[in-house]
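Here are the chains, one letter per residue:
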Amino acid sequence: MSHYTKQDILDMVEEEDVEFIRLQFTDLFGTLKNVAITKSQLERALDNQYVFDGSSIEGFARVEESDMFLHPDLDTFCIFPWRPQQGKVARIICDVYDISGKPYAADPRGKLKSVLAQAKEMGYTFQVGPECEFFLLETDDEGLPTLNINERAGYFDLGPNDLGENARRDIVLTMEDLGVEIEASHHEIAAGQHEVDLKYGEALSIADAFMTFKLAVKTVAKRHGMFASFMPKPKSDVAGSGVHLNLSLIDENGRNIFYDEKGRYGLSKEAYYFMGGIMKHVQGMTLITNPLVNSYKRIVPGYEAPTDVAWSYMNRTPLLRIPPVKNESKRIELRSPDPSMNPYLTLAVCLAAGLDGIKNQIKPPAEVQMNVYSMSASEKESLNIEHLPENLKEAMEAFEKDQFIWDVLGDSICKKLLKFKQKEWMTYRTQVTGWEIDEYLHKI
């Protein structure tokens, strides 16, 4: 990542003929927000003087405490490659502060920064590599998304069967133009489903990159006449979209502390404790990693999404997998999150849970080498394998019970999140679906 000063940005805006600058931030629900300013107002914004009405952002502030300040992170400045070459458009990602000059308690990016600071005090830097899945869908005559997918491509297929190949290539090139390195991309299992893997990096920059990635994917897809959807499970009969998170900790000497050549699978005791912490808290974390009603349509057996709290080497059916990589590349892969998550909150709870495991030497349960999907209830019970929440209601209940996760995120975020998720669940409960009509109307 580049390190810019205020003058660097003013100079680049002038030299590159930038006319508009988007001040971006992410709301509680993982939605990217922005306000566009002209370059004449840039210096004021760089001095942290831009004020916005937080009460108009769902889940942010009450009317009586609504004035919020955007503090730009200068190192996130970049120019959008898809905008005009004259009168270019740039962006800067911002932190949100309240009127007292303190970081706003419900700002997701600020929350991740606070947990990263705790890791830094322990001598650790949190490294993350996300594998991001999404669907490229056809649109109707009005440009709205449909569930029509004419292709029949499958895992690792290529053109001409893969009709999204050109769009995926442009997505990768666009991300490179934005300064985000891509490790790999390919067609996924379901027709119209794709995966792009962001290169491993420091957690805050990866969370920023994930938000930039979603914007870029949607923008490029539209230019190809498609609609990109990060909905976890848009079709009932195919695999849903997940975001597998590869996690590791680096010490002050740049050493991966998860690696120990003498440990089983090359893992250190800290790696096992980190896993233990995640497994202890994952049910309470699930409301963050899988925040929608629809998220739980993906977490069902047989569709490559984990349903149970277990770990294994290489086996892809449990919650946590140890990829077969060597030496300093040792990492833990968390397979439950989906792309509707707020990346800042997700990485905050993942790191906090893992650090809790290290601090308190929480050992994970025994490895499960079997296909978890094929195990009977009695087999799981004998091994003390617990279920992940099966719906949003169960996730909310687990979230409320885990005081540790509540303390990590704070009252402001937790209370606001629960309020809106309870409303979402109640709205969902009152809906009569097409399946119910087809199943019951003619029978009863």
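In this text, all values refer to a predicted model and were calculated from it rather than measured experimentally.

Conventions and cut-offs
- Residues numbered from 1 in each chain as written.
- Predicted model: local features only at pLDDT ≥ 70, side-chain atom pairs only at ≥ 80, totals over all residues.
- Heavy atoms only, no water.
- Phe/Tyr/Trp six-rings, centres within 6.5 Å; stacked < 30°, edge-to-face > 60°.
- Helix = DSSP H or I, 4+ residues; strand = E, 2+ residues; numbered from the N terminus.
- Buried < 20%, exposed > 50% of the residue type's maximum accessible area, 1.4 Å probe, protein only.
- Expected span 1.5 Å × (residues − 1).
- Arc of directions from axis to C-beta.
- Contact = heavy atoms within 4.5 Å.
- Salt bridge = Lys/Arg side-chain N within 4 Å of Asp/Glu carboxyl O.
- Patch = residues over 30% accessible without salt bridge, like charges linked within 9 Å, V, L, I, M, F, W, Y side chains within 5 Å.
- Areas by Shrake-Rupley, 256 points an atom, 1.4 Å probe, with all protein chains shown as cover.
- Lys, Arg positive; Asp, Glu negative; His and termini not counted.
- Charge placed at Lys NZ, Arg CZ, Asp CG, Glu CD.
- Disulfide = S-S within 2.5 Å.
- 1 Å grid on protein atoms, 1.4 Å probe; cavity = no way out; pocket = protein on both sides within 12 Å on 5 of 7 lines; lining within 4 Å.
- Points joined across faces, edges and corners; volume = space filled by probe spheres on them.
- Nonpolar A, V, L, I, M, F, W, Y, C, P; charged D, E, K, R; others polar.
- Core = buried A, V, L, I, M, F, W, Y, C linked by side-chain atoms within 4.5 Å.
- pLDDT = per-residue confidence, 0-100.
- Axes fitted to C-alpha atoms, helices over the stretch in contact; angles between N-to-C directions.
- Parallel < 35°, antiparallel > 145°, perpendicular 65-115°, else oblique.
- Left-handed = near helix turned anticlockwise from the far one by under 90°.
- Pairing = 2+ DSSP bridges.

### Digging into the packing of aromatic side chains
Okay, step 1: As enumerated under the stated definition, the model contains 15 aromatic pairs in all.
Okay, step 2: Geometrically, the ring pair formed by Tyr-4 and Phe-77 is edge-to-face, given 6.3 Å between the ring centres and 85° between the ring planes. Highlighted residues: Tyr-4 in the segment before helix H1 (6-15) and Phe-77 in the loop between strand E4 (67-72) and strand E5 (78-79), separated in sequence by 73 residues.
Okay, step 3: Take Phe-77: its relative accessible area is 6%, and that puts it in the buried class.
Okay, step 4: Their ring planes at 70° and their centres at 5.2 Å tell us that Phe-29 and Phe-420 sit as a pair that is edge-to-face. Within this pair, whereas Phe-29 is found in the loop between strand E1 (18-26) and strand E2 (32-38), its partner Phe-420 is found in helix H11 (residues 403-429), the two being separated by 391 residues in sequence.

### Remarks on helix H4 (residues 165-177)
Okay, step 1: When the terminal C-alpha atoms of H4 are compared, their 19 Å separation across 13 residues agrees well with the 18 Å that a helix rising 1.5 Å per residue should span.
Okay, step 2: What H4 keeps buried is the set Ala-167, Arg-168, Ile-171, Val-172, Thr-174 and Met-175. For H4, the angular spread of buried residues about the axis comes to 165°, placing them on one side.
Okay, step 3: Close packing links the buried residues of H4 with strand E7 (125-138), strand E8 (182-187), strand E9 (193-198), helix H5 (203-223) and strand E11 (226-229).
Okay, step 4: Just past H4, the residue Gly-179 takes up positive phi, approximately 85°.

### Description of the pattern of salt bridges
Okay, step 1: In the structure shown here, the tally under the stated rule is 19 salt bridges.
Okay, step 2: The closest approach of N and O atoms between Arg-109 and Asp-95, which form a salt bridge, is 2.8 Å. Of this pair, Arg-109 sits in helix H3 (residues 108-121) while Asp-95 sits in strand E6 (residues 88-97), and the two are 14 residues apart along the sequence.
Okay, step 3: Residue Arg-109 is classed as buried on the basis of its relative accessible area of 3%.
Okay, step 4: By relative accessible area, Asp-95 is classed as buried at 7%.
Okay, step 5: Put simply, Asp-170 and Arg-169 hold a salt bridge, and the shortest N to O gap is 3.3 Å.
Okay, step 6: Because the salt bridges share partners, they merge into one network encompassing Asp-73, Asp-95, Arg-109, Lys-113 and Asp-208.

### Topic: a negative patch on the surface
Okay, step 1: On the surface, Glu-176, Asp-177, Glu-181 and Glu-183 cluster together into a negatively charged patch.
Okay, step 2: Among the secondary structure elements, Glu-176 is positioned in helix H4.
Okay, step 3: Glu-176 gets classed as partly exposed once you look at its relative accessible area, which sits at 38%.

### Details of a nonpolar patch on the surface
Okay, step 1: A cluster of nonpolar side chains, namely Tyr-155, Phe-156 and Ile-189, defines an oily patch on the protein surface of about 310 Å² accessible area.
Okay, step 2: By secondary structure assignment, the location of Tyr-155 is in the loop between E7 and H4.

### Describing the state of the cysteines
Okay, step 1: Inspection of every chain in the model, using the stated rule, returns zero disulfides.
Okay, step 2: We note that Cys-350 lacks a disulfide partner, and the nearest cysteine sulfur, in Cys-132, lies 14 Å from it.
Okay, step 3: Given a relative accessible area of 0%, Cys-350 falls into the buried group.

### Considerations on empty space enclosed by the protein
Take a probe with the size of a water molecule and roll it over the atoms, and the empty space left behind shows itself.
Okay, step 1: For the coordinates displayed, the defined rule picks out one cavity of 30 Å³ or more.
Okay, step 2: What the largest cavity holds in volume is close to 40 Å³.
Okay, step 3: In this structure, the largest cavity is lined by Val-128, Pro-130, Ile-206, Ala-207, Phe-210, Leu-245, Met-341, Pro-343 and Leu-347.
Okay, step 4: Among the elements of the structure, E7, H5 and helix H8 (343-359) are those that each provide at least two residues to the lining of the largest cavity.
Okay, step 5: In terms of residues, the lining of the largest cavity owes the most to one element, H5, which gives three residues.
Okay, step 6: Counted by class, the lining of the largest cavity contains nine nonpolar, no polar and no charged residues.

### Some thoughts on the nonpolar core
Okay, step 1: In terms of nonpolar packing, the biggest core is built from 115 residues, with Phe-126, Phe-213, Leu-249, Phe-274, Phe-399 and Leu-409 touching the most fellow members.
Okay, step 2: For this core, the element with the highest residue contribution is H5, accounting for 12 residues.
Okay, step 3: Those residues in contact with Phe-274 that sit more than four places away from it in its chain are Phe-126, Leu-247, Leu-249, Phe-258, Ile-332, Cys-350, Leu-351, Gly-354, Leu-355 and Ile-358.

### Some remarks on the confidence of the model for the protein chain
Okay, step 1: Here the protein chain averages 92 in pLDDT, while 98% of its residues score no lower than 70.
Okay, step 2: Across the protein chain, the element-wise mean pLDDT spans from 84 in strand E3 (residues 50-53) up to 98 in H8.

### As for the packing of H5 against H8
Relative orientation and spacing of two packed helices are given, respectively, by the angle between their axes and the distance between those axes.
Okay, step 1: Between H5 and H8, the shortest axis-to-axis distance is 9 Å and the interhelical angle comes to 150°. Looking at the two axes, H5 sits roughly antiparallel to H8. You can see that H5 and H8 cross each other, and the crossing is right-handed. Residues Ala-203, Leu-204, Ala-207, Asp-208, Phe-210 and Met-211 of H5 pack against Pro-343, Tyr-344 and Leu-347 of H8.
Okay, step 2: For the contact of H5 with H8, the per-class residue count stands at eight nonpolar, no polar and one charged.

### What to know about the pairing of E1
Okay, step 1: Judged from the six bridges that link them, E1 and E6 form a sheet pairing that is parallel. Counterpart to Phe-20 in the pairing with E6 is Val-89.
Okay, step 2: Pairing analysis gives seven bridges linking E1 to E2, with the strands arranged antiparallel. Each residue of the ladder has a partner; that of Phe-25, found in E2, is Lys-33.
Okay, step 3: Taking the residues between adjacent antiparallel strands as the criterion, E1 and E2 are bridged by five residues, where Gly-30 takes a positive phi near 80°.

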